[in-house]
Amino acid sequence: MISALNPYAEMKDSGVEWLGEVPAHWVVVPLKRLGKFRSGSGFPIEAQGETGNEILFAKVSDMNRAGNEREVCHAANTVSPEAALRLGAQVFGRGTIIFPKVGGALLTNKRRLLVKATCIDNNIMACEVTGAELEFSFRLLGWLDIGRLAQPGPVPAIGEGEVREIRVALPPLGEQTAIARFMDHATGRIERYIRAKETLIALLEEQKQVIVQEAVTGRIDIRSGQPYPAYKPSSVEWLGKIPSHWDVRRAKRVFRPRNEYARPGDTQLSATQAFGVIAQAKYEEKIGRKVTRILRHLEKRQHVEVNDFVISMRSFQGGLERAWESGCIRSSYIVLRPITKVDVDYFSHLFKSCGYITALQITANFIRDGQDLNYNNFCGVDLPFPPRSEQQEIAEALGRRTENTRLSIRRTRREIELMREFRTRLIADVVTGKLDVRDAAPELPDVEPYATNVTSSRELDMDDAEPVGEASVPPVIVG
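Residues numbered from 1 in each chain as written. Predicted model: local features only at pLDDT ≥ 70, side-chain atom pairs only at ≥ 80, totals over all residues. Heavy atoms only, no water.

*Asks:* So what exactly am I meant to see when it comes to helix H8 (residues 344–351) here?
*Replies:* Think of an α-helix as 3.6 residues a turn; residues three or four steps apart then line up on the same face. Across the 8 residues that make up H8, a large majority, 6, are buried. Within the span of H8, buried status applies to Val344, Tyr346, Phe347, Ser348, Leu350 and Phe351. (Buried < 20%, exposed > 50% of the residue type's maximum accessible area, 1.4 Å probe, protein only. Helix = DSSP H or I, 4+ residues; strand = E, 2+ residues; numbered from the N terminus.)

And the structure:
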């Protein structure tokens, strides 16, 4: 299907450097030709309600909460028609495209379609499409990297006037419909492929987790693949029975907080679920995007040594993070160092095991996204403690046993990255007129619009940073 597409026969210079040549029959116009661009307005807290009102009140947090869905169907708050009228708030109807205009969310290129009457807060901008085909406009706005025009400063921001004047190339209406139809079909196929690969990764991760859980808690002897000869009660609920020659130790008898401020010249580190604790610059390189740098109060950051463990913002979700480099990390985290001889590889597996993470969650009464755990939570989970030589043997055997699974996961993730890069490039080529889909679109079967946003659906995996650009293959910079 895609390999059969050809460039347009006749092209012209768009007069816009980043846009290049466009089909000769397309028109280059300001973005305001799509429709009306308007910002939302805030509501006093007392005017916002959770139930009983007819109009949604969407905030940036609602857009983030929707994950990668293309539509805003729900919001945490609503307002009454009377309140909207009294406060002079604009009510946007079904089919309006909204996107953030302030803060880190502006830089992630999130776009949403409203499906019912909605008010938006003053951190969101809306486009009521009147001069173009809606689905084409949605893809065009999703592709444009509007965040790159944001005003410099600690909080990125962009105004309506700047957005309205961005110059784009528009095809005739009938061609817009053909492009939208083609993109529905092509991106739908890509998304189904990605979802299948993500399901495969989840199954592989589950398989690996089962092996790790059984090994680090002594349910099987990973070295032989068989149960241990004898077991005894551990008196620890999450552990159950353990091998008779293992010990159970209080966590504070094995690890203590380092409690050392950053040293001069310390490298700034990031605590991540995917890569552990690594240099912030290296993390940026791995994910293909910049992250916010903390420039003040660096002296209050905590020093970290290689093979320390960090209790981070996401520890209740993914366990403790191992430090692979020395440096400094944000002051709100807890840095743990071993106070007795341990095999760090064994405890790396233990602190990432599902049983341990569940036990850690139980120590807090109000776990929620963004809440830090503390040292008392850590001390509330007793630890299995095999002889040190056996800790090393368990870790080495786990490495061998799970190597093929790790390689499969890594290979599958790379395939997903390549498909996302391909999707981004395909959208760019089609909505800017580099590929002609007019003949291909009518031959395609009808499909439902795909469920994810038109930009990368990769979610952030970090604790102390915000994205400032698209991963892998970024959208073309506008302006």
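*Asks:* What's the story with the side chain of Gln302 in this structure? I'm lost.
*Replies:* Mapped onto the elements, Gln302 comes out in strand S19 (residues 302–304). According to the relative accessible area criterion, Gln302 is buried, its value standing at 10%. When neighbours within four sequence positions are excluded, Gln302 is seen to be in contact with Asn259, Glu260, Tyr261, Ala262, Gly327, Cys328, Ile329, Arg330, Ser331, Tyr333, Ile334 and Val335. (Contact = heavy atoms within 4.5 Å.)

*Asks:* Can you walk me through the sheet that holds strand S7 (residues 77–79) in this structure?
*Replies:* Pairing between the strands of a sheet is mediated by backbone hydrogen bonds and can be parallel or antiparallel. A sheet is described by the order of its strands in space; here 3 strands give the open sequence S7-S5-S10, paired in mixed fashion. Looking along the sheet, the strands with just one partner apiece sit at the ends: S7 and strand S10 (118–120). Put simply, the sheet's adjacent strands are angled 35 degrees from each other on average, direction ignored. Bridge analysis of strand S5 (residues 55–58) against S7 gives 3 bridges, and the strand direction is antiparallel. Within the sheet, the bridge partner assigned to Ile55 lies in S7 and is Val79. (Pairing = 2+ DSSP bridges. Axes fitted to C-alpha atoms, helices over the stretch in contact; angles between N-to-C directions.)

*Asks:* Before we go on, may I ask you to explain the pairing of strand S8 (residues 97–100) in this structure?
*Replies:* On a regular strand, one side chain projects to one face of the sheet and the next to the other, so that they alternate. Where burial is concerned, the two faces of S8 agree: the one with Ile97 and Phe99 and the one with Ile98 and Pro100 are both buried. Here 2 bridges tie S8 to strand S9 (residues 112–114), and the two strands are oriented antiparallel to one another. When the bridges of S9 are listed, Ile98 appears paired with Arg112. As judged from the 4 bridges shared by S8 and strand S11 (residues 124–129), these two strands associate in the antiparallel manner. Within the sheet, the bridge partner assigned to Phe99 lies in S11 and is Met125.

*Asks:* Looking at this structure, I do not really get the pattern of salt bridges. What am I missing?
*Replies:* It is possible for side chains of opposite charge to pair when their charged atoms get near one another. A full pass over the atoms with the stated rule returns 26 salt bridges. A salt bridge links Glu128 to Arg38; the nearest nitrogen and oxygen atoms lie 3.7 Å apart. Of this pair, Glu128 sits in strand S11 while Arg38 sits in strand S4 (residues 35–39), and the two are 90 residues apart along the sequence. Given a relative accessible area of 18%, Glu128 falls into the buried group. Here Arg38 falls in the partly exposed class, since its relative accessible area comes to 27%. The salt bridge involving Glu260 is made with Arg263; its shortest N-O contact spans 2.6 Å. Overall, Glu260 belongs to the partly exposed group, its relative accessible area being 23%. Linked through salt bridges whose partners overlap, the residues forming this network are Arg70, Glu135, Arg139 and Asp184. (Salt bridge = Lys/Arg side-chain N within 4 Å of Asp/Glu carboxyl O.)

*Asks:* In this structure, what is going on with the nonpolar core? I would like to understand it.
*Replies:* Generally speaking, a soluble globular protein has its nonpolar side chains buried in company with each other. In this structure, Leu31, Leu140, Leu141, Leu144 and Phe182 are the most contacted members of the largest nonpolar core, which totals 55 residues. In terms of residue count, the dominant contributor to this core is helix H5 (residues 173–216) (9 residues). By size, the runner-up hydrophobic cluster in this structure holds 42 residues, among which are Ala359, Leu360, Cys379 and Ala397. (Core = buried A, V, L, I, M, F, W, Y, C linked by side-chain atoms within 4.5 Å.)

*Asks:* I'm lost on the packing of H5 against helix H11 (residues 388–431) in this one. Help?
*Replies:* Running from amino to carboxyl end, H5 crosses H11 at an angle of 170 degrees, the nearest separation of the two axes being 10 Å. Accordingly, the angle class assigned to the pair H5 and H11 is roughly antiparallel. Looking at side-chain class alone, the contact of H5 with H11 contains 23 nonpolar, 6 polar and 11 charged residues. (Parallel < 35°, antiparallel > 145°, perpendicular 65-115°, else oblique. Nonpolar A, V, L, I, M, F, W, Y, C, P; charged D, E, K, R; others polar.)

*Asks:* How should I be thinking about a positive patch on the surface in this particular structure?
*Replies:* A cluster of basic side chains, namely Lys252, Arg253, Arg256 and Arg337, defines a positive patch on the protein surface. Considering the arrangement of structural elements, one finds Arg337 in strand S23 (residues 334–338). (Patch = residues over 30% accessible without salt bridge, like charges linked within 9 Å, V, L, I, M, F, W, Y side chains within 5 Å. Areas by Shrake-Rupley, 256 points an atom, 1.4 Å probe, with all protein chains shown as cover. Lys, Arg positive; Asp, Glu negative; His and termini not counted. Charge placed at Lys NZ, Arg CZ, Asp CG, Glu CD.)

*Asks:* What exactly am I supposed to notice about the sheet that holds S9 here?
*Replies:* Spatially, S4-S11-S8-S9-S6 is the arrangement adopted by the 5 strands of the open sheet, whose pairing is mixed. If you trace the sheet from one side to the other, it starts and ends with S4 and strand S6 (71–72), each paired once.

*Asks:* Looking at this model, I keep getting lost on the environment of Lys12. Mind explaining?
*Replies:* Along the chain, Lys12 falls in strand S1 (residues 11–13). Among the residues examined, Lys12 registers a relative accessible area of 30% and is labelled partly exposed. When the C-alpha atoms of Lys12 and His25 are compared, they prove to be 8.6 Å apart, with 13 residues separating the residues in sequence. Ignoring anything within four residues of it in the chain, the contact list for Lys12 reads Gly20, Glu21, Val22, Pro23, Ala24, Trp26 and Val27.

Shape is all these values report; function is a separate question.
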